[in-house]
Amino acid sequence: MRNFGLNDNEVAASRDKYGTNRLTEQKTESFWDKLKDNFNDPMIKILIAALAVNVTLVILNYTGVIKGEEMAWYEPVGIAVAILLATFVSTFSEYSNENVFQKLQDEASKIKCKIYRNGGIVELPIDDIVADDAVLLQPGDKTPADGLIIDGNIKVDQSVLNGESKEAEKEAIPEDYRDENANMDFLNKYKVFRGSVVYSGNAVMRVSVVGDQSVYGQIAKELQTDDERDTPLKVKLGGLADTISKFGYIGGVAIALALLFQRIVLHNGFDPAQIAAYCANWSVIVEDVIHAVMLAVIIIVMAVPEGLPLMIAIVSALNMGKMLKDNVLVRKIAGIETAGSLNFLFSDKTGTITRGKLEVVTFIDGDGAEAKTYSAVQPGVKKYLSLSIHQNTDSVMTGEGAQRRAIGGNATERAVLNFSPDTGETVSVKTEGKIPFNSANKYSATTVSGDANLTFIKGAPEKILQKCKFYIDAKGEKKPFAKHDALNAKIDELAGRAIRVLALAVSEDKIVDNESLPEGDWTLVGVVGIRDEVRPESITAIKEVHGAGVHVVMITGDRKETALAIAKEAGLLTAESDVVLTSAELAELSDEQIKEKLPRLRVVARALPSDKSRLVRIAQEMNLVVGMTGDGVNDSPALKKADVGFAMGGGTEVAKEAGDIVILDDNFNSIDKAILYGRTIFNSIRKFIVFQLTINVSAVLINFVAPLLGLENPLTITQILWVNLVMDTLAALAFGGEPALHRFMQEKPKRRDEKIVSGAMWSAILTGAVWTFLVSAVFLFTDLLSQYLPSSDRFPFELDSLHTAYFAFFIFIAVFNAFNARTDKLNLFDSINDNKNFLKILLLIAVVQVVLVYIGGGVFKCNGLNGVQWGVVLIAAVSIIPIDLIRKAVMGSVVRIH
């Protein structure tokens, strides 16, 4: 054995001079960092502002600066609880999933390498490697650092670095070699790079670059920047926050002015003399102004949907748990929200749309009989096929039962051997001669003796078929072969589907001197078709994603012809106008030209890493929400730049760090699910907004009109607290469990700048709010219900039936409207069985409200209701259901008309 490697003293010296092979860990957010970031949510900021005002007023109230009992301490406490619950739930969910992710990443750092130290070979962790170490590389190993081959030769897969799926051949450096190019040069036949995988051969590499200075490390380091743009949901919520703020401020000021108008003008009967006397009493004016300001603050708080941040946190947390079971690990909550808004998805081919490994997809014998599996091969042909596969290969079988698989050799060898995992025959043979495969000859051959005295030949059809004069028929007999043209036509057809074909033949003559193939006529066993097969579920998923309005572009390092065949089979190419470009063609186009072609672009072949980042940037400039899939180090910049990066679970650690979502099973079908869950979250948020804003708008309307008609507070502060906080929190749980319905995938993607509250939602909100206001007006300002709800005075603020009934009515009309809000269908119980907690929570709200009516006493201003009064309350409340059903029917007719 040659003397490779370093001794302990040399290792220490190298470590001091060049450092270790450990990559600088990407800084991860602590729980408290994530919590702090969640306080930047637009809705949370509004709540914090409302909380600050409330706390100030409560302090002034309790210190005697402000007179009265309007501001109670539990109002700001309730708001604070809503803020803390929302931020803690979302932070905990994201932090928990991040811990799961870090465990996956930690496994990668436990890789051990075979290193020459002190004259022998030892296994050491990858981080312990130093510059000038000698590392033994064997099939299946990941190259642990950048370096040069100093002994042996290997074939490596560098696709994680350069996107090129073809295996690269590496050989030992000559004695006079000088490394004049220090930059990354993946075509250099002497250099190997960290992250590449050894497919075949054995070699020793001398480490030249370690840690962050390696190509792998440099790309990883570039990703540690925070230049992400706001997610579509954050943009939409920011717009909603602005709208609610304006509505709340305008409503609060209007209500304050209305109250002052009532105190100054109405209370004084429009009498100028009384008004003048009132205005002369400054202490009364100041007290009334303070009271009006306090009421305005209450209304502003009422306009803010306190439950919305909590609801978003709950629905995200619940769906993140469901997604993990479906092999989708959400690292960042924003990622799943954004997935539902995707317009464009740039997807890798290998391992995502396809299975990610070569396999035999067909076998055709000399009779033209085709078999998709080994068991379907003609019985007489099987014996020769099995011997041809097992005796002429560099791969070997390992494992038992379902775990049995081929290892060693190159990907093609393993694919062929996996087609026939068992020999099917008990034979005893000895290898007499062997010609290994090389790219010049395009064939391999092995001569055996013993139970079988044959030479098995495997290679390119153009090299094999011309020498085949016979073939093996279904009975295993040798017959004259006369179907060359038919078989060649079939091979051309397979080539058109990007299926690589190898021919298998046998000869009764021997290999000559391990150099020359047997003379004489050969007998054809058959041809095998090999391809990285399209996943059947990918075809269905791509169709569904297309139906969802998401434009899918396949990006691959394969040649154009292969990419075209895969794209057609996967359902990506469906029209004559579809555009397929190579990287070279893409480079010749300006950004503006690409923008013109982007809506019709379906495939980019021979793609470079820079192509992915450029396409993401251009699509984002068009205000599109862009997704990118990837598994290699070379994919990481594009994954980071995209609005949502889907990293493959079987990919590199750097790619997974750059992604927002990790697809654990590397399957396009899981991306389809991520989009569905993202849309489910968005739709659940919209349902809750309809539910909440209906309550809030109606409450503002009532509190605006009531002072003008002589009633200052239709609902007490305690009652408002119950409506705004307790009920909203429970409702957030109810809407948070809404199921992921496949009909969401039939909706068009939402534009980045599209308002979160749509026209249809405003129609539901305003219809419900106006109807609630009208029925409230009947309750409070007419004598229509007085015979059922007696009151000692028209507008008493005491324990009376009218106010008790109105409080109960307001809660129950909200409960019934929740059924309207959760579905846009006329069937209010649509998919209700998939969210049984919805019924349970609404029942809980109803039960608590009934209890409050009877035991609320002075705190909630309730004194109980009799059976008739309950009937009036429930009939008035349930009336919102037929009203909204009429609205839905009318809206449906309008949609059908247009």
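The structure this text deals with has already been given above.
In this text, all values refer to a predicted model and were calculated from it rather than measured experimentally.

Student: Where do I start with the sheet that holds strand β21 (residues 551–555) in this structure?
Tutor: The strands that make up a sheet are held in pairs by hydrogen bonds between backbone atoms, and each pair lies either parallel or antiparallel. With respect to topology, eight strands assemble into an open sheet ordered β8-β26-β25-β24-β9-β21-β23-β22, the strand pairing being mixed. With one partner strand each, in any of the chains shown, β8 (328–330) and β22 (579–582) form the two edges of the open sheet. On average, each strand axis in the sheet is inclined to that of its neighbour by 20°, with strand direction left out of account. As paired elements, β21 and strand β23 (residues 601–605) share two bridges and run parallel to each other.

Student: Just checking my understanding: could you explain the packing of aromatic side chains for this structure?
Tutor: Geometry of an aromatic ring pair is reported as the spacing of the ring centres plus the angle between the planes. The tally for this structure, following the rule as stated, stands at 16 aromatic pairs. Pairing tyrosine 806 with phenylalanine 809 gives two aromatic rings, centres 5.9 Å apart and planes at 35°, and the pair type is tilted. Within this pair, tyrosine 806 and its partner phenylalanine 809 are both found in helix α26 (residues 801–821), separated by three residues, close to a single helical turn. Here tyrosine 806 matches phenylalanine 809 in class, with each residue buried. Relative to phenylalanine 838, the ring of phenylalanine 819 has its centre 5.4 Å away and its plane inclined at 90°; by these criteria the two rings are edge-to-face. With phenylalanine 819 in helix α26 and phenylalanine 838 in helix α27 (residues 836–855), this residue pair connects regions lying 19 residues apart in the sequence. Phenylalanine 838 sits in the buried class, given a relative accessible area of 0%.

Student: Explain the nonpolar core here, please?
Tutor: In a soluble, globular protein the nonpolar side chains are often hidden away together inside. Ranked by size, the top nonpolar core spans 122 residues in total, and within it Phe646, Ile685 and Phe779 carry the most contacts. Element by element, the count of residues in this core is highest for helix α23 (residues 668–708), at 20 residues. Setting aside its immediate chain neighbours within four residues, phenylalanine 646 contacts Ala339, Leu342, Leu345, Met628, Thr629, Gly630, Leu639, Ile661, Ile663, Ile671 and Ala674. Grouped together as the second largest cluster of nonpolar side chains are 26 residues, Leu586, Leu598, Ala619 and Ala642 included.

Student: I'm lost on the pairing of strand β16 (residues 454–459) in this one. Help?
Tutor: For a regular strand, side chains alternate in direction, first toward one face of the sheet and then toward the other. With respect to burial, β16 is a largely interior element, six of its six residues being buried. With burial as the criterion, each face of β16 is covered, one bearing Leu454, Phe456 and Lys458 and the other bearing Thr455, Ile457 and Gly459. Bridge analysis of strand β15 (residues 443–450) against β16 gives six bridges, and the strand direction is antiparallel. Within the sheet, the bridge partner assigned to tyrosine 443 lies in β16 and is glycine 459. Counted between consecutive antiparallel strands, the loop separating β15 from β16 contains three residues. The pairing of β16 with strand β19 (residues 500–507) spans five bridges and is classified as antiparallel. If you follow phenylalanine 456 over to β19, its bridge partner there is valine 506.

Thresholds, definitions, all that
Residues numbered from 1 in each chain as written. Predicted model: local features only at pLDDT ≥ 70, side-chain atom pairs only at ≥ 80, totals over all residues. Heavy atoms only, no water. Pairing = 2+ DSSP bridges. Helix = DSSP H or I, 4+ residues; strand = E, 2+ residues; numbered from the N terminus. Axes fitted to C-alpha atoms, helices over the stretch in contact; angles between N-to-C directions. Phe/Tyr/Trp six-rings, centres within 6.5 Å; stacked < 30°, edge-to-face > 60°. Buried < 20%, exposed > 50% of the residue type's maximum accessible area, 1.4 Å probe, protein only. Core = buried A, V, L, I, M, F, W, Y, C linked by side-chain atoms within 4.5 Å. Contact = heavy atoms within 4.5 Å.

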